[in-house]
Amino acid sequence: MKTLGLVITDGVGFRNFILSDFLINAEKEFDKIVILSCLPAHVYKGHTTCRIIELEVFNEQYKTWFFRKAKEVAHLKLHAKDNLGIQDNLLTNTSKLKTTRGFGTRLIYKFTSGFHSEKHIQTYQNLQNFTFSNNKITKQYQNILKEENFDLLFFTHQRPPYIAPLVYAAKKLKIKTAAFIFSWDNLASKGRMASNFDYYLVWSDLMKSDLLEFYKLVKPDEVKVVGTPQFEPYVMPKYKMSKDAFYNLFQLNQNHKTICFSCGDSSTSKNDELYIKTIAHAISNKTIEKVNLIVRTSPAEDPVRFKSLVDAYPFIKWNFPKWEQVRASHQESWSQRIPSVEDVIQLRGILEYCHININMLSTMSLDFMLFDKPVINTIFGNDENGLYNDQRFLGYEHIMHVVNSKASNIVKNDKELIDAINRYLFDDSDSKNRKQLVNQQIGVPLEETSETLVKALVSWI
């Protein structure tokens, strides 16, 4: 009897593994699947008949935080050379606060300057694990794992700190663990994983190469390329929207082509208001041909920052993602936002029927490229012009692949943006480059993702 423990850590994991075909394929191969949820159990109602165990929220104590932080900073320092993304993260993680954690952060930065080898990182990991040994929640997790007797515990995200005691509990009971690498930027520019896992699932050969580079203790046969279920709904019939339904939903002029600007969140995409205003102003002044404009905001935040634009440009059609905040009192409240089926349908409609996408170097570039749509990446800010410096992201490793591929048109001022829009409305010669970038970043056809993923999990039992 094969038993899988599926750990859903957040709203994106819910979308990737509950709203995709993953469970349908997994139920063919596993005799029992139990979902261990970091989300409230009620969100699964109507989506699955699998048993749900809602995990108590883990609140990280100072001693656990200290060793986790040491592990992450040491990882960043070990890999900082010639890596702008990691250097940026090192700078972002510094603290001038006169608090216990502020003082702790500065101490960590000092001693990891000389102690940040892989061996030291494993020492910090072991010390972090030691803090779980007498923890109340760890004991709860161990009791759950003993009772369920899982053959494999599958984590749908490798980074959230609140999963670390569950990994520790599994290791104590000698239960195999596997982790899915959550996003295209998680390895080359982010901090350390929450823990060490036995096996890893990655999007592509490129991501496998990154994993082996940044995690030297991982062996090649512990990694499998499976694509990502993040994009699987785009080939699932139940999320298909007709063209007429799309135009009616957003009240668009069917005689005009449609531009979609997709926003990032306010922490990394601070110039989005400027980019939307630039496009809207050009439409008003007719320096862009007659078009429809849809703006999709980030599902990770409340769209209140765009209120002035909603009022100023009534012709803009807004798509505020239908994600429900199911739990506010959580150390990572954004993780508790859950997508609706309606939102997946609307997003797919936008990808399928819009003609051009514009965004600030986000993963949405890949979403649109999967539908072979032209993409424009806006980065107006630099160190000299007073805008938030989003041009620095060009030096991030995962973005350098986009730049080198020439799959998108990267624009640095309003003239370049308007020229790119007008070009793509009538001439698109970048299709081949887009397809090559998609193949590089996503190593398995969307239709085969869940099946490939499940076969990889079964192979490790």
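Just above sits the structure.
Here goes a summary of the coordinates provided. Small disclaimer: the values here were computed from a predicted structure and weren't measured. Along each chain, the written sequence defines residue order, and numbers are assigned to residues from 1. Confidence filtering applies because this is a predicted model: local features only for residues at pLDDT of at least 70, side-chain atom pairs given and counted only at 80 or more, and all residues used for totals across whole chains, interfaces and linings. For side-chain calculations, the full set of non-hydrogen atoms in the structure is used, while hydrogens and water are omitted.

A closer look at the overall build of the protein chain
To be explicit about the condition: Numbered from the N terminus, helices here are DSSP runs of H or I no shorter than four residues, and strands are runs of E no shorter than two. Note on method: radius of gyration uses C-alpha positions; expected globular size equals 2.2 Å times residues raised to 0.38. Throughout, exposure labels follow a simple rule: accessible area from a 1.4 Å probe, protein chains only, divided by the maximum for the residue type, with under 20% read as buried, over 50% as exposed, and the rest as partly exposed.
Helix and strand counts for the protein chain come out as 18 helices and 15 strands. In terms of overall dimensions, the protein chain is globule-like: its C-alpha atoms have a radius of gyration of 23 Å, near the 23 Å expected for 461 residues. Viewed in the frame of its principal axes, the protein chain has a C-alpha envelope of about 65 × 50 × 40 Å. Put simply, the protein chain has 461 residues, and 58% of those count as buried.

Structural notes on the side chain of Thr 228
Worth spelling out the cut-off: Pairs of N or O atoms are called polar contacts if they sit within 3.5 Å, as long as, within protein, a hydrogen donor faces a hydrogen acceptor (for residues adjacent in sequence, only side-chain-to-side-chain pairs). The criterion used for residue contact is that any of the two residues' heavy atoms lie within 4.5 Å.
As for its placement among the helices and strands, Thr 228 is situated in the loop between strand E7 (223-225) and helix H10 (243-250). For Thr 228, the side chain forms a polar contact with the main-chain nitrogen of Gln 230, separated by 3.1 Å. Once residues lying within four places of it in the same chain are set aside, the contact partners of Thr 228 are Phe 180, Trp 203, Ile 442 and Thr 449.

A few points about the sheet that holds E7
Hydrogen bonds between backbone groups are what pair the strands of a sheet, and the pairing can be parallel or antiparallel. The condition is simple: We call two strands paired when DSSP finds no fewer than two bridges between them. Helix axes are fitted only over the stretch in contact, all axes being lines through C-alpha atoms; the angle between N-to-C directions runs from 0 to 180 degrees.
On the basis of which strands lie adjacent, the open sheet formed by 7 strands has the order E3-E2-E1-E4-E5-E6-E7 and parallel pairing. Only two strands of the sheet have a single neighbouring strand rather than two, namely strand E3 (51-54) and E7. Adjacent strand axes in the sheet meet at a mean angle of 20°, parallel and antiparallel pairs treated alike. Two strands pair when backbone bridges link them, and strand E6 (residues 199-202) and E7 are joined in this way by 3 bridges, in the parallel orientation.

Some remarks on the nonpolar core
Stated formally: What makes a nonpolar core is a set of buried Ala, Val, Leu, Ile, Met, Phe, Trp, Tyr and Cys residues whose side-chain atoms join them at distances within 4.5 Å.
Grouped together as the largest cluster of nonpolar side chains are 149 residues, with contacts concentrated most on Phe 22, Leu 36, Leu 153, Phe 154, Phe 246, Ile 421 and Leu 457. Excluding anything up to four places from it in sequence, Phe 246 contacts Met 241, Leu 252, Ile 294, Gly 349, Ile 350, Tyr 353 and Cys 354.

Notes on the packing of helix H3 (residues 62-78) against helix H4 (residues 84-92)
Selection criterion: Left-handed is the label given to a crossing in which the near helix is rotated counterclockwise from the far helix by less than a right angle, and right-handed is the label when the rotation is clockwise. For this classification, the nonpolar set comprises Ala, Val, Leu, Ile, Met, Phe, Trp, Tyr, Cys and Pro, the charged set comprises Asp, Glu, Lys and Arg, and every other residue, Gly included, is treated as polar.
Following both chains from N to C, one finds H3 and H4 inclined at 140°, their axes separated by 9 Å at the closest point. The handedness of the crossing between H3 and H4 comes out as left-handed. Contacts between H3 and H4 involve Val 73, Leu 76 and Lys 77 on the former and, on the latter, Ile 86, Asn 89 and Leu 90. Classifying every residue of the contact of H3 with H4 by side-chain character gives 4 nonpolar, 1 polar and 1 charged.

Some details on the sheet that holds strand E14 (residues 375-378)
Taken in spatial order, the 6 strands of this open sheet run E10-E9-E8-E13-E14-E15, and their pairing is parallel. Every interior strand has two partners, whereas the edge strands, strand E10 (317-319) and strand E15 (409-411), have only one. Across the sheet, the axes of successive neighbouring strands diverge by a mean angle of 25°, strand direction being ignored. The sheet contact formed by strand E9 (residues 291-296) and E10 spans 3 bridges and is parallel. The partner of Ile 294 across the bridge, within E10, is Lys 317. Contacting strand E8 (257-262), E9, strand E13 (356-359), E14 and E15, helix H16 (residues 414-426) crosses the sheet at an angle of about 155° to E15.

Examining the pattern of salt bridges
How we decide: A pairing counts as a salt bridge when a side-chain nitrogen of Lys or Arg comes within 4 Å of a carboxyl oxygen of Asp or Glu.
As enumerated under the stated definition, the model contains 21 salt bridges in all. Between Lys 171 and Asp 198 there is a salt bridge, and its shortest N-O distance comes to 3.8 Å. Of this pair, Lys 171 sits in helix H8 (residues 164-172) while Asp 198 sits in the loop between strand E5 (176-180) and E6, placing them 27 residues apart in sequence. Arg 296 serves as the salt-bridge partner of Asp 343, at 3.0 Å between the closest nitrogen and oxygen. Here Arg 296 lies in strand E9 and Asp 343 lies in helix H13 (residues 341-353), a separation of 47 residues in the sequence. Summarising the burial analysis for this pair, Asp 343 and Arg 296 share the class buried.

Quick notes on the packing of aromatic side chains
Our working definition: Stacked, edge-to-face and tilted labels apply to pairs of Phe, Tyr and Trp rings (six-membered ring for Trp) whose centres lie within 6.5 Å, assigned for plane angles under 30 degrees, over 60, and everything in between, in that order. By definition, being over a ring means that NZ of Lys or CZ of Arg is both within 6 Å of the ring centre and within 35 degrees of the ring normal.
According to the stated counting rule, one finds 29 aromatic pairs in the structure shown. Here the aromatic rings of Tyr 388 and Phe 393 are separated by 6.5 Å at their centres, their planes lie at 55°, and the arrangement is tilted. Accessibility assignment for this pair places Tyr 388 and Phe 393 in one class, buried. Positioned above the aromatic ring of Tyr 388 is the side chain of Lys 270, whose terminal nitrogen or guanidinium carbon lies 5.6 Å from the ring centre. Looking at Arg 392, its charged tip hangs above the ring of Phe 393, at a distance of 4.4 Å from the centre.

Re the environment of Tyr 234
Secondary-structure assignment places Tyr 234 in the loop between E7 and H10. Accessibility expressed as a relative area gives 7% for Tyr 234, which makes it buried. Considered as a pair, Tyr 234 and Asp 10 are 224 residues apart in the sequence and their alpha carbons are 21 Å apart. If sequence neighbours within four positions are ignored, Tyr 234 has contacts with Leu 347, Arg 348, Leu 351, Asp 367, Leu 370, Phe 371 and Leu 446.

Observations concerning empty space enclosed by the protein
Applicable threshold: Only protein atoms enter the calculation, which uses a 1 Å grid: trapped sets of points that fit a 1.4 Å probe without letting it out are cavities, open sets showing protein on both sides within 12 Å along at least five of seven lines are pockets, and any residue with an atom within 4 Å of a point is a lining residue. Grid points are joined across faces, edges and corners, and a volume is the space filled by probe spheres set on the points.
Taken as a whole and judged by the stated rule, the model has 3 cavities of 30 Å³ or more. In this structure, the largest cavity spans a volume of roughly 90 Å³. Those elements that provide at least two residues to the lining of the largest cavity are helix H9 (205-214) and helix H15 (397-405). Class assignment of the residues belonging to the lining of the largest cavity gives a composition of 5 nonpolar, 3 polar and 1 charged.

Here's the deal with the pairing of E9
As a reminder of what qualifies: For a crossover, the right-handed case is the one in which the path from the first strand over the helix to the second runs clockwise, viewed with the strands pointing away from the viewer.
Summarising burial for E9: 6 of the 6 residues are buried, a large majority. A two-sided burial pattern is seen for E9, the buried positions comprising Val 291, Leu 293 and Val 295 on one face and Asn 292, Ile 294 and Arg 296 on the other. Relative to E9, E8 is paired through 6 bridges, and the arrangement is parallel. Each bridged residue has a counterpart across the sheet, and for Phe 261 the counterpart in E9 is Val 295. Between E8 and its parallel partner E9, the chain crosses via helix H11 (residues 272-284), and the hand of that crossover is right-handed. Since E9 and E10 lie parallel, the crossover through helix H12 (residues 307-312) that links them has a hand, and here it is right-handed.

Geometry only, nothing functional implied.
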